[in-house]
Amino acid sequence: DQQVKQNSPSLSVQEGRISILNCDYTNSMFDYFLWYKKYPAEGPTFLISISSIKDKNEDGRFTVFLNKSAKHLSLHIVPSQPGDSAVYFCAASRNTNAGKSTFGDGTTLTVKP
Amino acid sequence: DAGVIQSPRHEVTEMGQEVTLRCKPISGHDYLFWYRQTMMRGLELLIYFNNNVPIDDSGMPEDRFSAKMPNASFSTLKIQPSEPRDSAVYFCASSPERGYQQPQHFGDGTRLSIL
């Protein structure tokens, strides 16, 4: 049973436009969510996070939205840049499992110049 | 400050051989995680440690896999005997205490190929 799902394996966007990456989860006990970015031949790196007590968190060009009732979160990148081309992983954690995150399968974002 | 260091970066070996992957976490981090990434299963957690003690090894695929953390600055993941289906990229990650709200810091991975 996959508890964190990223249903779109890939997304292609034109430079300057908005990129929207989606993530769904099934476990209502999750209370903290993170996005990681991964370039080829490198490990994932932390991008942005959100606590379940919030519905939005913004950091520069990156904004994460959380809809708890729908068990859905999304990452918005505005404006998209070619350097944003990478695999994006959604991850979820819960306080009772301190330290452990459950990852989605990732979405490959391609930003075309 | 040095990040998580994994070695080797690439490993090619024949089926049946013992494989040892190594990880040095970030100094001061209390959690250490081992992940495996494959096309079929994505990024899956194999095992994680807190203060050198294994907390959850439910993701370890079978008895051929073992992991140790003899001290705060070193961990190994061992496969014995190795099989072609173990071919994957193995990542090590670490995070500080109060880990569930702390992002994990990943190494660059070990690409393992079992022939």
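It should be noted that the structure appears before, not after, this text.
Nothing here was measured: the structure is a model prediction, and the numbers come from that model.

Engineer: How should the pairing of strand 6 (residues 56-59) of chain A be read in this particular structure?
Structural biologist: On any regular strand, side chains alternate: one points to one face of the sheet, the next to the other face. Residue and element names in this part refer to chain A. Relative to strand 7 (residues 62-67), strand 6 runs antiparallel, the two being bridged by 4 bridges. Among the inter-strand pairings, Glu 58 is bridged to a residue of strand 7, identified as Thr 63. Counting the residues that bridge the hairpin from strand 6 to strand 7 gives 2 residues, and of these Gly 60 lies at a positive phi of roughly 65 degrees.

Engineer: Just checking my understanding: could you explain the state of the cysteines for this structure?
Structural biologist: Linking two cysteines covalently through their sulfur atoms gives a disulfide. Scanning all chains against the criterion turns up 2 disulfides over all chains. Here A:Cys23 connects covalently by a disulfide to A:Cys90, the sulfurs 2.0 Å from one another. In this structure the cystine formed by A:Cys23 and A:Cys90 twists about its S-S bond by roughly -70 degrees; its chirality is therefore left-handed. Taken together, the positions of A:Cys23 in strand 3 (residues 19-25) and A:Cys90 in strand 9 (residues 86-93) put the pair 67 residues apart, joining distant regions of the chain. Each member of the pair, A:Cys23 as well as A:Cys90, carries the same accessibility label: buried. Paired by a disulfide, B:Cys23 and B:Cys92 hold their sulfur atoms 1.9 Å apart. Across the disulfide from B:Cys23 to B:Cys92, rotation about the S-S bond amounts to roughly -65 degrees, and the bridge is consequently left-handed.

Engineer: Got a minute to help me understand the packing of aromatic side chains in this structure?
Structural biologist: What characterises a pair of aromatic rings is the spacing of the ring centres plus the angle enclosed by the ring planes. Enumeration according to the criterion identifies 14 aromatic pairs over all chains in this entry. Measuring from ring centre to ring centre gives 5.3 Å for A:Phe103 and B:Tyr35, while their planes differ by 80 degrees; the resulting arrangement is edge-to-face. Separated into two different chains, A:Phe103 in strand 10 (residues 101-103) and B:Tyr35 in strand 4 (residues 31-38) make up a pair that spans both. For B:Tyr35, a relative accessible area of 0% gives the class buried. A network of ring pairs unites the aromatic residues A:Tyr36, A:Phe46, A:Phe89, A:Phe103, B:Tyr31, B:Phe33, B:Tyr35, B:Tyr48, B:Phe91 and B:Phe106 as a single cluster.

Engineer: Teacher, can you tell me more about the interface of chain B and chain A here?
Structural biologist: Think of interface size as the accessible area that goes away when the parts come together; that is how it is often given. Taken together, the contact between chain B and chain A spans 20 residues of the former and 21 residues of the latter. Note on chain B versus chain A: buried area summed over both sides is about 1700 Å², and carbon and sulfur give 57% of it. One can count 1 salt bridge joining chain B with chain A. A salt bridge links B:Asp56 to A:Lys100; its shortest N-O distance comes to 2.8 Å. Across the contact surface, chain B and chain A share 4 residue pairs in polar contact (both at pLDDT 80 or more). Those elements that provide at least two residues to the side of chain B that touches chain A are strand 4 and strand 5 (42-50) of chain B.

Engineer: How should the pairing of strand 5 of chain B be read in this particular structure?
Structural biologist: Residues and elements named next belong to chain B. Counting buried residues in strand 5 gives 9 out of 9 residues, a clear majority hidden from the surface. Two elements, strand 4 and strand 5, share 8 bridges in a ladder whose sense is antiparallel. Counterpart to Trp 34 in the pairing with strand 5 is Ile 47. Relative to strand 6 (residues 53-56), strand 5 runs antiparallel, the two sharing 3 bridges. Bridge assignment links Asn 50 to a residue of strand 6, and that residue is Val 53. Between the end of strand 5 and the start of strand 6, which pair antiparallel, lie 2 residues, with Asn 51 showing a positive phi angle near 50 degrees.

Engineer: Please explain the nonpolar core as it appears in this structure.
Structural biologist: In terms of nonpolar packing, the biggest core is built from 23 residues, with A:Phe33, A:Trp35, A:Leu73, A:Leu75 and A:Tyr88 touching the most fellow members. For this core, the elements supplying multiple residues, two or more each, are strand 3, strand 4 (32-38), strand 5 (45-51), strand 7, strand 8 (72-77), strand 9 and strand 11 (107-112) of chain A. Element by element, the count of residues in this core is highest for strand 9 of chain A, at 4 residues. Once residues lying within four places of it in the same chain are set aside, the contact partners of A:Tyr88 are A:Gln6, A:Leu21, A:Trp35, A:Tyr36, A:Lys37, A:Leu47, A:Leu75, A:Ile77, A:Gly106, A:Thr107 and A:Leu109. Counting 21 residues, the second largest nonpolar core, distinct from the first, contains B:Ile26, B:Met60, B:Leu77 and B:Leu112.

Rules and cut-offs
Residues numbered from 1 in each chain as written. Chains lettered and ligands numbered in written order. Predicted model: local features only at pLDDT ≥ 70, side-chain atom pairs only at ≥ 80, totals over all residues. Heavy atoms only, no water. Pairing = 2+ DSSP bridges. Helix = DSSP H or I, 4+ residues; strand = E, 2+ residues; numbered from the N terminus. Disulfide = S-S within 2.5 Å. Buried < 20%, exposed > 50% of the residue type's maximum accessible area, 1.4 Å probe, protein only. Phe/Tyr/Trp six-rings, centres within 6.5 Å; stacked < 30°, edge-to-face > 60°. Contact = heavy atoms within 4.5 Å. Buried area = accessible area lost by both parts, 1.4 Å probe. Salt bridge = Lys/Arg side-chain N within 4 Å of Asp/Glu carboxyl O. Polar contact = N/O pair within 3.5 Å; in protein donor to acceptor, adjacent residues only side chain to side chain. Core = buried A, V, L, I, M, F, W, Y, C linked by side-chain atoms within 4.5 Å.

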